Amino acid sequence: MMCGPRYSQPMNLLFSTKLRRPLPVVCSLLLILFSASFAFGQAVPAEQKVAAQAQGLKPILEYISSAWDTLTRSMTECQSVVDPKIKVAPVLYLPAGFPEPAAVQKLAADCGVHVEHLPKEIHHLGEIDTGRIQPHGLLYLENKYVVPGGRFNEMYGWDSYFIIRGLLRAGRVELARGMVDNFFFEIEHYGAMLNANRTYYLTRSQPPFLSSMFVDVYRAQGKDGKDGDRDAAWLARAYADLEKDYEMWTHEPHLAGQTGLSRYYDFGEGPPAEAIQDETGFYRKVSTYFFFHPAEADDYIPENKAGVMQPVAGAPYTLQVCDAARTMARPECDQVHEFKLSTDYYKGDRSMRESGFDVSFRFGPFGAATHHYAPVCLNSLLYKTEKDMEQISLWLGHRADAAKWNKRAQERKKLIARYLWNQQQGMFFDYNFETRQQSSYRYASMFYPLWAGLATPDEAKAVARNLKGFEQPGGLPMSTVDTGAQWDLPYGWGNIEMVAIDGLRNYGYNADADRISYEFLSMVAENFRRDGNIREKYNVVTRSSESHVEMGYQMNVVGFGWTNAAFLELLHGLPKEIEERLEKGQGQPLAAPK
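Residues numbered from 1 in each chain as written. Predicted model: local features only at pLDDT ≥ 70, side-chain atom pairs only at ≥ 80, totals over all residues. Heavy atoms only, no water.

## As for the overall build of the chain
Along the backbone of the chain there are 20 helices and 14 strands. Counting over 594 residues, the chain shows a buried share of 59%. Expressed as a percentage of contacts within the chain between residues at least 6 apart in sequence, the contacts between residues at least 24 apart total 73%. Accessible area for the chain stands at about 24,600 Å²; split by element, carbon and sulfur atoms hold 52% of it. (Helix = DSSP H or I, 4+ residues; strand = E, 2+ residues; numbered from the N terminus. Buried < 20%, exposed > 50% of the residue type's maximum accessible area, 1.4 Å probe, protein only. Contact = heavy atoms within 4.5 Å. Areas by Shrake-Rupley, 256 points an atom, 1.4 Å probe, with all protein chains shown as cover.)

## Structural notes on the sheet that holds strand S4 (residues 138-139)
In spatial order, the strands read S3-S2-S4; together these three strands make up an open sheet with parallel pairing. Bordering the open sheet on either side are strand S3 (114-117) and S4, each of which pairs with just one other strand. Judged from the four bridges that link them, strand S2 (residues 91-94) and S3 form a sheet pairing that is parallel. What sits directly across from Leu 92, in S3, is Val 115. (Pairing = 2+ DSSP bridges.)

## Some words on the pattern of salt bridges
Considering all chains together, one arrives at 33 salt bridges under this definition. A salt bridge links Asp 83 to Arg 198; the shortest N-O distance between them is 3.8 Å. Of the two residues, Asp 83 is situated in the loop between strand S1 (72-73) and S2 and Arg 198 in the loop between helix H6 (173-190) and helix H7 (210-220); the sequence distance between them amounts to 115 residues. This pair shows no difference in class: Asp 83 is buried, exactly as Arg 198 is. The residue Arg 530 makes a salt bridge to Glu 526 at a minimum N-O spacing of 3.4 Å. Taken together, the positions of Arg 530 and Glu 526, both in helix H18 (residues 510-531) and four residues apart, correspond to about one turn of that helix. For the pair Arg 530 and Glu 526, a shared accessibility class is recorded, and that class is buried. (Salt bridge = Lys/Arg side-chain N within 4 Å of Asp/Glu carboxyl O.)

## Some remarks on the environment of Pro 148
Position of Pro 148 relative to the elements: it lies in the loop between strand S5 (145-146) and helix H5 (157-169). Apart from the residues lying within four places of it in its own chain, the contact partners of Pro 148 are Leu 71, Glu 154, Tyr 156, Asp 159, Ile 163, Gly 559, Phe 560 and Gly 561.

## Some details on the environment of Asn 153
Of note, Asn 153 is situated in the loop between S5 and H5. Residue class for Asn 153 comes out buried when judged on its relative accessible area of 1%. Spatially, the C-alpha atom of Asn 153 lies 8.5 Å from that of Gln 79, the residues being 74 residues apart in sequence.

## Structural notes on the pairing of S2
Of the two faces of S2, both are covered, the one formed by Val 91 and Tyr 93 as well as the one formed by Leu 92 and Leu 94. Bridging between S2 and S4 involves two bridges; their strand directions are parallel. Among the inter-strand pairings, Leu 92 is bridged to a residue of S4, identified as Leu 138.

## A look at the nonpolar core
Looking at soluble globular proteins, one finds that nonpolar side chains tend to be buried together. Core analysis: the largest hydrophobic core is formed by 181 residues, its most contacted members being Phe 214, Phe 290, Tyr 345, Phe 366 and Tyr 448. Here the element with the most residues in this core is helix H13 (residues 376-396); it accounts for 10 residues. Once residues lying within four places of it in the same chain are set aside, the contact partners of Phe 290 are Glu 296, Ala 297, Tyr 300, Ile 301, Leu 341, Tyr 345, Pro 365, Phe 366 and Ala 368. (Core = buried A, V, L, I, M, F, W, Y, C linked by side-chain atoms within 4.5 Å.)

## Points about the confidence of the model for the chain
In this model, the chain carries a mean pLDDT of 89, and residues with pLDDT of at least 70 account for 88%. Contacts from residues 1-42, a stretch scored under 50 in pLDDT, to residues over four places away or in other chains number 71 contacts. (pLDDT = per-residue confidence, 0-100.)

## Regarding the packing of H18 against helix H19 (residues 561-573)
Packing of H18 against H19 brings their axes to within 10 Å, and their N-to-C directions diverge by 135 degrees. Relative to H19, the element H18 is oriented oblique. Crossing handedness for the pair H18 and H19: left-handed. Here H18 contributes Asp 514, Ser 517, Phe 520, Leu 521, Val 524 and Ala 525 to the contact with H19, which in turn contributes Thr 563, Ala 566, Phe 567, Leu 570, Leu 571 and Gly 573. Taken together, the residues that form the contact of H18 with H19 break down as eight nonpolar, three polar and one charged. (Axes fitted to C-alpha atoms, helices over the stretch in contact; angles between N-to-C directions. Parallel < 35°, antiparallel > 145°, perpendicular 65-115°, else oblique. Left-handed = near helix turned anticlockwise from the far one by under 90°. Nonpolar A, V, L, I, M, F, W, Y, C, P; charged D, E, K, R; others polar.)

## Here's the deal with H18
If you check H18, its first and last C-alpha atoms are 31 Å apart, about what 22 residues at 1.5 Å a residue would give, namely 32 Å. For H18, a buried count of 19 out of 22 residues is recorded, marking the element as mostly surrounded by other parts of the structure. Just downstream of H18 lies Gly 532, where phi reads positive at about 80 degrees. (Expected span 1.5 Å × (residues − 1).)

## A look at the packing of helix H8 (residues 232-249) against helix H14 (residues 399-419)
Across the interface, H8 lies against H14 with an axial gap of 15 Å and an inter-helix angle of 30 degrees. Classed by the angle they form, the pair H8 and H14 counts as roughly parallel. Viewed along their axes, H8 and H14 form a crossing whose handedness is left-handed. Here Tyr 239, Glu 243, Tyr 246 and Glu 247 of H8 come into contact with H14, specifically with Asp 401, Lys 404, Trp 405, Arg 408 and Arg 412.

## Let's talk about the state of the cysteines
Per the stated rule, a full pass over the model turns up two disulfides. Covalently, Cys 78 is tied to Cys 111 through a disulfide, its sulfur atoms 2.0 Å apart. Because the sign of the S-S torsion sets the handedness, a value of about -80 degrees for the bond joining Cys 78 and Cys 111 places this disulfide among the left-handed ones. With Cys 78 in the loop between S1 and S2 and Cys 111 in helix H4 (residues 102-111), this pair connects stretches of sequence that are 33 residues apart. Sulfur-sulfur distance for the disulfide between Cys 322 and Cys 333 comes to 2.0 Å. Measuring handedness by torsion sign, the sulfur bridge of Cys 322 and Cys 333 sits at about 110 degrees and is right-handed. In this pair, Cys 322 is assigned in the loop between strand S6 (317-319) and strand S7 (337-339) and Cys 333 in the loop between S6 and S7, connecting sequence segments 11 residues apart. Take Cys 322: its relative accessible area is 35%, and that puts it in the partly exposed class. (Disulfide = S-S within 2.5 Å.)

## Notes on the side chain of Thr 203
Among the secondary structure elements, Thr 203 is positioned in the loop between H6 and H7. Judged by its relative accessible area of 4%, Thr 203 falls in the buried class. A polar side-chain atom of Thr 203 sits 2.9 Å from a polar atom in the side chain of Asp 266. Apart from residues lying up to four places away in sequence, Thr 203 is in contact with Leu 125, Thr 130, Asp 266, Phe 267, Gly 268 and Arg 350. (Polar contact = N/O pair within 3.5 Å; in protein donor to acceptor, adjacent residues only side chain to side chain.)

## A short note on the environment of Ala 485
With respect to the helices and strands, the residue Ala 485 is situated in the loop between helix H16 (457-465) and strand S13 (491-493). The buried category is assigned to Ala 485, whose relative accessible area is 0%. Spatially, the C-alpha atom of Ala 485 lies 9.8 Å from that of Phe 357, the residues being 128 residues apart in sequence. With near-sequence residues (within four places) excluded, Ala 485 lies in contact with Val 359, Ser 360, Tyr 491 and Met 551.

Below is the structure:
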């Protein structure tokens, strides 16, 4: 591991770029994080693997149990402020005018952390230019939280819903409630539930699972809304903050044209900071793809001409056509042309990151048209939010509000059926409101309407029938197209397995849910026996943890919050005889990796 400044010579190949390189590494803090990650993910000796086989599921369940503490962060620990994605000196930002807590003062003294206040109060996303917040840093949260793991060393929006499900299954209710309160803090002080609590995420949110987090934690505390058994103050806070967050999704610029549905939309412009420094070469690959697939480029690579100013910052790329070298003579070449990725491309790229599905070709190549779609996932989540707000209103005794939320949910359900349901295919698809065409991209988001409970019995039956053309040996992949992106075939993710399996169980398709659960759980358990860790994603075609991602960040992160949660939840849902089969399978010899 090298510390100190790092420089690289500029490339002068077919495509060249002028990227700013990372600032010096903060060695002491990164070594803390690196050491913890290495210890958490290192290979297990052979004798330990043999012992693990004799113990059934005990080793993996113990790993998951200890992981909740390993992945917990707070404002009292040095490792919390480290950002593996951007190598800068650690800075912790407090909301404007917010008193500096004693724990923060101690953090600054013990860890050498610089503490700053944000330059202004934030009421809504898009109110502050994150480029002016330098250096980027961690945003303060009041309570402990669980991070996904590895490079994701902060509290993420949609990750946290699945993590909270795991925490509740493990009996860690207090920690789960603290995370929900952290999201309320974000809405009150940073304008919305954020992608994650870093300054460069102040331009976007993530899929709105917050109402589901709250309802699950509220019920886990034994609250059912009866007189004398209500946390009235927490209910009132939840109602106000959830309504504010919901309003962001149901007003411009988050509206999907004239459909009455919503879309993903990042308020920022140009390439996001974390992608520039952490996903080296990604935008060069995007440009290469569009150069060689002009029919799909859709004006995403305008030429950078003299005297014409590009409206956003972004790396320039060069294109030059030369004769193939057949002799020692220097080949003849045409004039070099310089290009940039367009403003619209970067808006789509950022909005794709708000969706959480980064990177996929679901919304066009590299998600470039994400902001032109009404997505199945987002609108299913907003339906679920409306139903949750109906329930919270009833818990508060506000029946008129409950009726209002129910009406909104029914209206959205009709719009989803109109724009997103395809009767011939028997699946839900995203809708491009610019072209007024439904997508034909088969994607695992088709299970969201079942998870949210908005699908009709006939729609759910049709979706279940489509499993045979989608399912793989290790469970459900994200799509049926291998694009080289991590959110497409052949990868399966624990959080989406949870969504799909919950959805199937909601409509009584328990045999399908049991089968897919077993496929996924046995794959994770087998790879745990081989590697000694749990990963963020798996190749469900080869049933391995090997990842050969070409688009976006390329590692398969060890940890991992939502996979840990998925293992607990899916295991809990299995009938006893299938759970016993899974347990016995841990004593079988490991198959050779494919």
